[in-house]
Every structure is written in C-alpha cells, then in structure tokens.
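Next come the chains, spelled out residue by residue.
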Amino acid sequence: MTEAAAKARAESELEASLILLVAGVYFAASLLSLLFVERVGGVAALWPAAGVGLALFLRLPRSRWASCALGVIIGNIGANLLAGASLSASVGFALVNVVEPMAAALLLGALLGKAATRPTSLREVVLFASAPLALVYAPAALIGAAVTSPGLGNALPPWELWRVWFLADAMGMAAITPLILAVWSGPELPSRAPAQICEGVLTICLLTAATALAFDLVGTRDAIPDAFALALLMALLPLALLRLPRCGSALIAAVVAGGALWGTGHGHGPFVMPNVAAADRLLAAQLFGGIVVLLSLGIGAAGPSGARAKHRPSARGGPVEPSSPVLRPGDMRQRALAIALLGVGYYALAEFGQIWSSYQGSASPVWPAAGVAYLGVLLLGGWACPAIALGCWAVLATSGISGGAALAIASGSAFAAFLSAEMGRQWLRQPFGVEASDDLGRLMAIFVLGAGLSATVGTIALTWADPLALSLAASVWFNWWVGDVIGLLTVVPLVLWGRALPARWRSAAGHPDCVILAVLCVAAVALGLWLNARTGVYHFVLPGFVMAAVVFQRAGAALAGVVVAAGTLAIVTATAPAATLGAETAKSQLFVLVVLATVYLVATLLSERDLAQALRAAEAEAQKAAVRAREAEARMRRVLSGANAGCWQVRLDPFAIFWDEGWRDLYGFDPDEEPSQGAWLARLHPEDRLRIETELRNPWDDGIDTCVREFRVFHPQRGERWIHDRMQVERDAGGRPVAYGGLVLDVTDRRKAEAQVQLLLSEVNHRSKNLLAVVQAVARQTAARSGPEDFAHRFAERLASLSASHDLLVEHRWQGIDLAELIRSQLAHFADLVGQRVLLSGPPLFLAPAAAQAIGMALHELATNAGKYGALSNDVGRVQVRWEVRGGADDPQVHLSWREEGGPPVTPPDQQGFGSTVMVRMVEASLGGMARLAYAPEGVSWYAEAPASQVLGTPPQVSAAADPVGGH
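Residues numbered from 1 in each chain as written. Predicted model: local features only at pLDDT ≥ 70, side-chain atom pairs only at ≥ 80, totals over all residues. Heavy atoms only, no water.

Where we set the bar: UniProt positions are given in the numbering used here, feature names are shortened, and annotations may be inferred rather than shown by experiment.
For the protein, an unreviewed UniProt entry supplies the name histidine kinase and the organism Rubellimicrobium rubrum. In the Subcellular location (unreviewed entry) part of its UniProt record, the protein is described as follows: "Cell membrane". The UniProt entry for the protein carries the following text under Catalytic activity (unreviewed entry): "ATP + protein L-histidine = ADP + protein N-phospho-L-histidine."

## Some remarks on the overall build of the protein
We apply this condition: Note on conventions: DSSP H or I runs of at least 4 residues are helices, E runs of at least 2 residues are strands, and numbering of each starts at the N terminus. Burial classes follow relative accessibility: with a 1.4 Å probe on protein chains only, a residue under 20% of its type's maximum area counts as buried, one over 50% as exposed, and anything between as partly exposed. Residue contacts follow a heavy-atom distance rule, with two residues in contact if any of their heavy atoms lie within 4.5 Å. Each accessible area value is a Shrake-Rupley result obtained with a 1.4 Å probe; residue values ignore everything except the protein chains displayed when judging cover.
Secondary structure summary: the protein contains 30 helices and twelve strands in total. Within the protein, the proportion of its 968 residues that are buried is 46%. Taking all contacts inside the protein whose residues are at least 6 apart in sequence as the whole, residues at least 24 apart take part in 68%. When the accessible surface of the protein is split by element, carbon and sulfur atoms take 64% of a total near 46200 Å².

## Considering the pairing of strand 3 (residues 706-715)
Here is the rule: Strands were regarded as paired on the criterion that DSSP finds at least two bridges between them.
As defined by bridge partners, strand 3 adjoins strand 4 (residues 719-731) across ten bridges and the pair is classed as antiparallel. Counted as the bridge partner of Arg712 is Trp722 from strand 4. Counted between consecutive antiparallel strands, the loop separating strand 3 from strand 4 contains three residues.

## Quick word on the side chain of Arg64
Inspection of the secondary structure assignment puts Arg64 in the loop between helix 2 (48-59) and helix 3 (65-82). The exposure class assigned to Arg64 is buried, which follows from its relative accessible area of 17%. Those residues in contact with Arg64 that lie beyond four places of it in its chain are Glu11, Leu14, Glu15 and Leu18.

## What to know about the packing of aromatic side chains
Let me state the cut-off plainly: Aromatic rings from Phe, Tyr and Trp, taking only the six-membered ring of Trp, are treated as a pair when their centres fall within 6.5 Å; an angle between ring planes under 30 degrees marks them as stacked, one over 60 as edge-to-face, and anything in between as tilted. The rule for a charge over a ring is simple: NZ of Lys or CZ of Arg within 6 Å of the ring centre, and within 35 degrees of the ring normal.
Under the definition given, this model contains ten aromatic pairs. Ring centres of Trp477 and Trp481 lie 5.5 Å apart, and the angle between their planes is 15 degrees; this geometry places the pair in the stacked category. Of this pair, Trp477 and Trp481 both sit in helix 17 (residues 470-498), four residues apart, which is roughly one turn of that helix. One aromatic cluster in this structure is built from Trp663, Tyr667, Phe669 and Trp680. The residue whose ring lies beneath Arg683 is Phe669, and the NZ or CZ to ring-centre distance is 4.2 Å. Above the plane of the ring of Trp722 lies Arg751, whose end atom (NZ or CZ) is 3.8 Å from the centre.

## Examining the confidence of the model for the protein
Rule in force here: One number per residue, pLDDT, summarises how confident the predictor is, and it ranges from 0 to 100.
Scored by pLDDT, the protein comes out at a mean of 75, with 74% of its residues at no less than 70. Segment residues 958-968 is flagged for pLDDT under 50; beyond a separation of four residues in sequence, or across chains, it makes 17 contacts in the model.

## Some thoughts on the pattern of salt bridges
Our working definition: Salt-bridge detection follows one rule: a side-chain nitrogen of Lys or Arg within 4 Å of a carboxyl oxygen of Asp or Glu.
One pass over the structure, following the stated rule, counts 21 salt bridges. Arg64 serves as the salt-bridge partner of Glu11, at 2.4 Å between the closest nitrogen and oxygen. Of the two residues, Glu11 is situated in helix 1 (residues 3-34) and Arg64 in the loop between helix 2 and helix 3; the sequence distance between them amounts to 53 residues. A salt bridge links Arg736 to Asp732, with the shortest nitrogen-to-oxygen separation between them at 3.3 Å. Assessed through its relative accessible area of 54%, Arg736 is described here as exposed. Overlapping salt bridges, with partners in common, bring together Glu687, Asp688, Arg691 and Arg712 in one network.

## Details of the environment of Leu827
With respect to the helices, strands and loops of the structure, Leu827 is situated in the loop between helix 27 (819-826) and strand 7 (838-841). Assessed through its relative accessible area of 2%, Leu827 is described here as buried. The sequence separation of Leu827 and Gly867 amounts to 40 residues, and the corresponding C-alpha distance is 9.9 Å.

Encoded structure:
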C-alpha cells in the first residue's frame, strides 16, 4: 500500500470515527432533551442538544463540519424514531437541528472570531447569547412551530408553540454550550489549590441539593414552603457563581435550569400555582431558567471576586483592584454601630415607602429603602444583609403579611441588595463615585436587575401567601420592580453625588447669572406643577429639573431626582380617582423613571464635557509648559556650550546619575554613552583622583552645601585639561540631603594664562634687575668708545634701542616674528657691533609665537651676559649667531647656536641662576627639543635644536625675494 493510500485510509477511518462519536453524543443529548417534552403541545421545554451541536461546530475545524453534520443528523433521527416520531418528521427535525448550530457557529465566528469559543468580556457574552438567538434560533423556531402545530394536532396556537420551542433552544444553547466549551478548553483545576477544588465540589453539591429542594425533584418535601425554598436557592446561586470557575458556573446554571423545568413539568415547585394554566407554568420555569443562565454568563464575564477580579482590566485600561468596604474587618465596634444604624434607617425608609403601598395592593410605587440597602452592602459588605433582612421583616410583619412570606421577602430583598452591590464592585470603575456616562449606564442596569430579582421573590412569596390571579401578580411584580428601581435611583445618587452639592452651589454662586438661573429653575418647576394640576400631564415639570441638572450638574440632578419622585407620586396618589389610581400610578412611575434617567444623563454628560474641557486646557497648558521647558533647555544648552561648560547631578533615593552633553564633551565621553562613576574617576589625574574620591563620599558631612574644586583630567583627544567644578547639595524640608550636583567648566586656558602670568612676573623681576646691568654695560661701552662731547648722545641712542627691543618683544609675542629681526631686537643695545663683532648667519625663518618668546628670552640672557661678563664686555671679543634647518622633509629640525670668543676667560658659575633656567629648561619645554649651555675657557657657547613643527610658524606674508642673512 502506498503512502498516499495509507493516508487516505487513515483519513476515512478518522471521518467514520468522528461521525459515530458525534452521532452517539448527539443521540444521548437528544434523548435527554426528549425527557423534557411537555404533555401540552408535544414540544420539549429544554433542548440541551442545541447546545451540544453548537459547541461541536464551534470547536471542530471547518474541514470536519461535514462529518459533524452527518453525525448530528444520524443521532437526531435515531432519538426521534426511538421516541415514536415518524421518519419524515424525524428527518425534518434533524435537518433543522443541524442547520441551526452551523448557522450559529458561522455567525459567532464572524462576530467574535477566536473569542467565540471563550467569550470573556461583557460585550462578547452579550453577542454570544443574543446574536444566535435573534438571528438563527428565533426564525428556526418559527418554522418548527408552523410545521409542528398542524402536524401534531395539539391545542397550543403557533405563537405559544414558537415561544416554547424558542425558549427551549435558547436555554439549551445558553446553558450547555458554555459548559462544553469550558470543559473542552480544560477545567481550571491544575491552577487551583486543593482547598479551592474541594470548595467548588461542595458548592456544586449544595446548589444541586437546593435545586432539588426548591423544585421537589425527589418528591419528599412537604413542610418547607415553596417561596422559602426558592428564596434559599436564589440566595445561594449568585454566591456560588461568584466563587466557581467558568466550568463550575456553567454546570450550576445547567443543573438549576434543568431542575426548574423538570420539577415544574412534573407538577412540583413554586411555579405550580392554583388557577394557573400549564403553559403559564412552563413559561415561568423557562424564564427562570433563562435568568439563571444569563446570570451565570454575566457573572462569568465580569469575573468572580477574588483572584480573577484582582487582575480584571478596567474600561480605561490597567488592572483594577477589587473594591473593599470602607469599614475594615478589625473595626468591630464601628461596624456594629453601622449595622445597627443601617437596620434602623432601612426600617424608617421602609415605613415611609409603606405610605403608598395601600394604594397598590402590597407593593409600593417607590421603595427608598432599596437604595439604603444597596449603599449599606456597598459600605459594609455581607455584614449588612442581616440588618436589611431584619428591618424589612419588621416592616412587613407589622403590615399584615404572614411570617413565612415576610421572611421570604426580607431574604430576597437582602440578597438582591447584596447581588447588586457585588455587581457594582465588579462592573463599576468607582462604585462609591459614579462619574462617567458608561458607569451610569452600568449602574442603572444593575438597579434594574437587582430590583427585578427582589420583585420576583416578593411576588412569588405574596402569591404563595395569598394566591392571586396571574394578571394581578404581574401588576404587583411590575409595581414592585419599578418602585425598587425608583428608590435606588433617588437615594443612591443623592448620597453619592449630594456630597458635592455645597461645593457646586459655591461654584455656581460665583457665576453672575446664578440668581437668574436659580429663579428660572424654581419658576419652571412651579409652572409645571400648575399645568399638571390643570391638565393632568406631568411632562411640564421636566424642563425645570433638566435646568437644575445643567446648573448644578450631578449634585443638582440627584436633588432633582428626589423632588420629582416624591412630588409626582404624592400628587398622583392625592389627586387621582380611586378607579384609575393603578393606571395613573404606573404612568407616574414610568414618567419618574424617564425624568431620572434624563436628568442624570444630562448632568453626567455635562460633567464629562467640563472634565474634557479641563483636560484639554490642562493638556494645552502642559504642551505650552513643555515648549517653554524645551526652549529654556535649548537656551541653557547653548549657554553651556558657548561657555565650554556642562552640568551633572546625583540623586540619592532612588540612586541615579545624570550628565548632560556638555559634561560628556568635557570628559571625552560619547554623546550617547552612559559612563559609570568608575569610568569617570579613571579620567582624573592620578595626583587629583584620591582627593576627589574623598570629597565625593559624603559631600554633606561637613555641613557645607557648596564646594568648589579644580582638578586635572585626561581627555582622549585633547590631552590634559583643567576642570573647575562647583558642587551644590540639595536638601529636603527636613534638612536631609536628597541630591547633589554642579556645574563644570574647562579652565585649561585660564590655568595656562595664570602660569604664563606667573612666569612673566618672574621674568619681569629678573629683567628689571638685569636692565640696570645692561644700562651700566651700555654706559661703560659708550664711555670707552666716545669722548666726553658725544657720550650723552650715543648713550641716549643705545637706551632708545634697548627700549625698542622691549617694545618689539611685547608687540610680536603672540603673533610670531622673523628670527633675524628678533635677534637684532635683543642685540639692539649692541647695534653698532652687529656686522663687526656680532656676526649673524642663517636663512629667513619666521618663528611661532611660543618659540619666539622662548628664543627671545634666551637671546636676551645671552646678550646680557655677553655684555656683562663675556665677549662683548671688552673691546676685542666677538659673537657668532647661526641658524639653519636640517633633516629631510619628513622630520626637519631647526638648529640655532650662539658662540663667543675673545672675551675674558670663562669660569663656570658655582650655581645655576634664573638665566640658565631660561636658556635651557624653558627652551626645551617650549620647543620640545634640546638646549645646551657650555662654559668653555675661550668663551660661552649655547646650542638649541628642535622640530621645525614646534619652532616655525606661518608668516603673514612670505616674500619670494627674501635673501639669507649673512655676510654682516
């Protein structure tokens, strides 16, 4: 067998196995679904197979959909034939049951993508539950009802058949599909501790037992009232859903929904009431199961309290910590007092709500105690539930309601408040301060759900205590539900937003039109009340309350909500005729809800607008500040760059070091380099490094906040540089140092200038002493060679020549000078001997400023000594000065020599004076070459050699016709 044939055979076997497996699973699910077939209508009240089919098509790849569809058809046909249906009916049912999940899977894949197999957010859960029901299962149920009604010959009309079929598919899809998807994705057991696993198992067992007790699944309950059993189940259900993982929540929802339908179908449970038709019982059970399933999906999307809620992302991004009560567990006395006050407050407001209850049976059109209950649980947590239940029971027990019904209603009210507060903690960004419009929408949705739960439990309890007609029960439920919603929407915003009313009043009072606006608000309300008394239309008061919301925003809206709720209901109950009181009360309730929603939404949107404007203004100001900061930084950078400076800073807690670009440039680091402190210390001169390290260890210990120091560094490109560093210590309000930093300057040029000045001062001191000797020698030479008649004239000329040499030296010190001119200026006082006893020989050379200064000072010393002690101190001595450039073009060298002869015998000095330093050391240091001074008996000789690059400079103008100096 070839490899291709083997693969084809394996694929065929896999397809056949998948068909058989799907057929078996769907056959079992269909048989389970057929157990819920009602005697009236012959349609199943719950169809778990719908959830099985959708889960299979969602999880299997589309390449396997054909095999899956064939397995669904085979399983469904087999189950229907086994149940006694005809072949044609079985085939028709199978085709409908295979098209439904395929279309639903395609729709969910298009809407949610990969999230279709594991919806997590509330939006995804809503789409997961609503889109297939509205677009797939509702039309399919319509077709099924149209075909089934005449075929089965039942008494139910098509509308009721469609309703039963649709709700059965909806419950099966919403209950079974999440369970299979959660199990298929892998239960969350490995990541949970053994204690949590045991808690989950016990919770599932407890809910299963509560379901069996509430709907009498085992037929042994006689003494426990139905309302109490249902209230117990409803109290335990949300707590279990909040604690269990997704798979556990889905399992609980399926068990409770299935138990409700099974018990109701067999004549047991709270939905089986006297004088209620079987179709209405079935509808109540199906709706109850649907509520349980939707509650499971919603709580699973919001995330249970505990570990998952701790990392639940908020609507604005980022993790949200689970909200905690304001009162901590350790504040026992404070908590006990708060619980007692809550119970008293609930009782007082419940008695206030009972004022209207006599007009509408047993339910009140407004129940402000519901708002107190919500705030109490939000503040105290689960500790508030006993106080709420006790206060509610006390009110109901004194109003003539039986003890069991009062207990059930009190338990339902406490549980509804607890569930609403838990949803508020999970779904709202700020449970104690609703500020955004989306949070307001969530808060209203929470109130609607919580009030609906309370109304459902209360209506069931009242029906059990005093059986009512279905129409009257619906009226009581509606009145109860709307009354709780109005109570929540008046009390909760008043507490949450009313705290800001004084501040809003002070803010509005500063407005020049505040008085006019306040008068308009009051006038609008008064006009609306007058028109209401004349016409019976409530809507005329709406503009006044909207204006209050505009002026005072949320605080004004909260106050307006209380006024409109109390005023409208008081006027209606006081003026409406007894015959139309119920209808007028319902109309007023709806009007109050519209007004409350309108003014709250207007106020919230205005607050968001003001906040957005403030944020835009702050953002604009921040951008301007950023621009100013950048401009200031650019100016500072230009100043520091122009001054050859930089700055640095060290933060102590947390430790951080900052260097700017100028600092990096001064120390020779790259602009994008982040040098360490060790790398910086390595750049310091070894003789300065230890001192700087010692000063930087704790620069604030001596109590001096300012420190100025100078040290040497080695720059990679510029060599040795001098740095001036002025450091400043920064302290906090307590005097503790928090940072230190400073400004650094390159002061190398200043240091060199100071050294030059010091050298020149020494030279001036030395030259001033030598000057007298030169003047004496000039006078002696002039007197020896002149008569008394011309002595004064010649002596004055030589002094002028000496002065000119000084002027020339100062004039050309930093711009260079011709070597021959420099020599002549230094021998100016012997100008008459040049060419006779002083011989100059060499090519034209233009000296660099530094070389001219060093050579000039050396020649001055040589000339001075020659005039005082050497060859020029008598009448026969001679001096030869020669210079030339030797070596090749790669390394030319300048040679300069001074040789004396014919003078007095020379004896070496006993010690080296300043003149020797100038003639030897200074020349070597300045020219980077070599200098020698010899004291031969026949005369002094001086010789210097240095690289031409260190000696020669570029003359301003080079004369091509310049002649060598010689022959003089």
